[in-house]
Amino acid sequence: MFADSAKIFIKSGKGGDGHVSFRRELYVPAGGPDGGDGGKGGDIIFQVDEGLNTLMDFRHVRKYVAQSGEEGGKRRCHGANGSDLVIKVPEGTVIKDFESGKVIADMSGENRRKVILKGGKGGLGNMHYATSTMQAPKYAQPGQPSQELWVKLELKVIADVGLVGFPNVGKSTLLSVVSNARPQIANYHFTTLNPHLGVVDLGGGAGFVMADIPGLIEGASEGVGLGHAFLKHIERTKVLIHVVDGASVEGRDPVEDIKTILKELEAYNPELVKRPQVIAANKMDAVYGDEGEDGILKRLHQEFEPLGMKVFALSAVSGKGVKELLYHVNELLKTVDDAPIIFEPEFELEFQDDRSLPYTVEKAENGVYVVEGPRIEKMLGYTNLESEKGFDFFQKFLKNTGILADLEKAGIEEGDTVRMYGLEFDYYK
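Residues numbered from 1 in each chain as written. Predicted model: local features only at pLDDT ≥ 70, side-chain atom pairs only at ≥ 80, totals over all residues. Heavy atoms only, no water.

Would you mind going over the overall build of the protein chain with me for this structure?
Of regular secondary structure, the protein chain possesses eight helices and 18 strands. Counting only contacts in the protein chain whose residues sit at least 6 apart along the sequence, the fraction spanning at least 24 positions is 71%. (Helix = DSSP H or I, 4+ residues; strand = E, 2+ residues; numbered from the N terminus. Contact = heavy atoms within 4.5 Å.)

Would you mind showing me how to read empty space enclosed by the protein here?
The probe, sized like a water molecule, is rolled over the atoms to show the empty space still left. Within this structure, the stated rule accounts for one cavity of 30 Å³ or more. Approximately 40 Å³ is the volume found for the largest cavity. Within the lining of the largest cavity, the residues separate by chemical class into seven nonpolar, two polar and one charged. (1 Å grid on protein atoms, 1.4 Å probe; cavity = no way out; pocket = protein on both sides within 12 Å on 5 of 7 lines; lining within 4 Å. Points joined across faces, edges and corners; volume = space filled by probe spheres on them. Nonpolar A, V, L, I, M, F, W, Y, C, P; charged D, E, K, R; others polar.)

Explain helix 1 (residues 171–178) here, please?
Within an α-helix, residues lying three or four positions from one another point in the same direction, as the helix has 3.6 residues per turn. Among the eight residues that make up helix 1, seven are buried, leaving the element largely enclosed by the rest of the structure. Restricting attention to buried positions, one finds in helix 1 the residues Lys-171, Ser-172, Thr-173, Leu-174, Leu-175, Ser-176 and Val-178. If you follow the buried residues of helix 1, they end up packed against strand 9 (161–164), strand 10 (196–203), strand 11 (206–212), strand 12 (239–245) and helix 5 (322–334). (Buried < 20%, exposed > 50% of the residue type's maximum accessible area, 1.4 Å probe, protein only.)

What exactly am I supposed to notice about the sheet that holds strand 3 (residues 63–65) here?
By definition, the strands of a sheet pair up through backbone hydrogen bonds, in either a parallel or an antiparallel sense. If you trace the five strands from one edge of the open sheet to the other, you get 3-1-8-5-6, paired in mixed fashion. The open sheet has two edge strands with one neighbour each: strand 3 and strand 6 (103–107). Taking the axes of each pair of neighbouring strands and ignoring which way they run, one obtains an average angle of 25° across the sheet. Across four bridges, the pairing between strand 5 (residues 93–97) and strand 6 is antiparallel. Bridge pairing in strand 6 places Ile-95 opposite Ala-105. (Pairing = 2+ DSSP bridges. Axes fitted to C-alpha atoms, helices over the stretch in contact; angles between N-to-C directions.)

What should I look at first to understand the nonpolar core in this one?
A general trend in soluble globular proteins is that nonpolar side chains are found buried together. Residues Phe-208, Met-210, Ile-241, Leu-325 and Val-329 are the most contacted members of the largest nonpolar core, which totals 36 residues. At the level of elements, strand 9, helix 1, strand 10, strand 11, strand 12, helix 3 (254–268), strand 13 (277–282) and helix 5 are the ones that each hand at least two residues to this core. Apart from the residues within four sequence positions on either side, Phe-208 is in contact with Asp-160, Val-161, Gly-198, Val-199, Val-200, Leu-202, Leu-326, Val-329, Asn-330 and Leu-333. (Core = buried A, V, L, I, M, F, W, Y, C linked by side-chain atoms within 4.5 Å.)

I tried to follow helix 3 on my own but got confused; where do I start?
Look at helix 3: 21 Å from first C-alpha to last across 15 residues, which is about the 21 Å you get at 1.5 Å a residue. For helix 3, the N-terminal cap is Asp-253; the gap from its side-chain oxygen to the backbone nitrogen of Val-255 is 3.1 Å. (Expected span 1.5 Å × (residues − 1). Polar contact = N/O pair within 3.5 Å; in protein donor to acceptor, adjacent residues only side chain to side chain.)

The analysis is restricted to geometry; functional conclusions fall outside its scope.
Below is the structure:
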C-alpha cells in the first residue's frame, strides 16, 4: 500500500541535570565541590533511506522520542549523553510544521541527513560555581529542556516529467509503453490510485524519469476526488504532458479537459502553469478518416500552440507518434534548470533556553532562611533596593521566580528572617 503523508510527534532528549556533591576523602579536609555536569540530550535526526519509497511505517508508529542525558555524578563525573534518534524516510519527503504548514526541511538532493530538533545541553555541576566568597555552593544547573513538535511528512515523488489528465485517457498505458513501469491498467475510472514512476531510456545516455499523476478532475485543488492528495506530486516535475483522449471515446472534449486541468493546477500552485507543457492527443488510432486532423487536433493546435504547448497525435497502444513526443520532451528538459526542485525551509524552531540560574532555599540552625545562588547574585547586582522602583522589582522577582513559593514550602512563617548574601529582611505576606 502506498502512503504519501503522515502526522507524527517528535521530541528531542532533555539535558541531564548538574550534580551537587562535595569531595569527602580521608585526610582531605574541606575537599570542595565535585559535582559533575549532566549529559547532552539526544537529537532528532531525519535521514534519507534509498530502500524506502512510502511513508507506510509512520502509519503504525507516530511518536518518536530521543534519549535524555543522564545526571552528572560525584567526583566530577560527567553524565552520559543521550543517544540520537535517527528517523529514516524516503527521498523526496518534505517535513512540515503541522500547525503552520511551513516547510522545515526537504529531504531531497544533497540534503540526505538533517537535525530537526536538538537535544538539550547538560547542566553544570556545582564544581563550576565555587568562588572565593562561595566555596561550598549547594546548587547546580538544571539540564536544558527538550524540544517537541508535531510534524507532517509529505512524500512528493521526484520525476522530471509528469503525466496529467482526466481518468481513463491512457496515462498509465503511455507510461508502461515508454518506461520500465508496470502500473495496473483497466478500462474504468481511477484505475491508478497511486503515482507511478518509470525511467524513459532514449539511448546514448539520454533519458528522464516520468510519473503518472492520478486523480485530477474538476475541483481537485479543493479536495474533490483524489486530486487533492496527488497534486503535490506534480510540484517537483519540470515538464508537464497533458494526456487527452483525442478520439473522444467517452464523449469528452479534450480542449475543455485541458483548460480544466490548467485551472486546477493554477489554483493549487500558480508556478505549475509556468513550466514547459506538451499536449499528447492519445487514442488517435481510434479516429477514422480525417475526423482527427480536421476536428479535435485542429482545435487543440489553435487553442494551445499559441500558448507554447506543442500538440502531438499518438497512440500509446500502437506506439505511433510516441517517439516524437519523447524526443521533444527531452529537448524541453535541456532548456530548464537540471538541479532538482527543492523546497526551501520556511520554519525554524528557536531553542528557548528557559533554564533559570540555580539557587537554593535552606533553613539555617539559627532559624534564618538562607537563599543563595548565581541567580540571586545576578539580581542583586543590577537592582537598587534603596529606590522605590528597585524594591518593587525585587518583590516581583521573588514572586515570579518561585522563590516565595519555595520559602513557604520550607516552612517559613510571618516574622521569620530571610538572608540573601549581605541582605536580610523579615518575611510578611
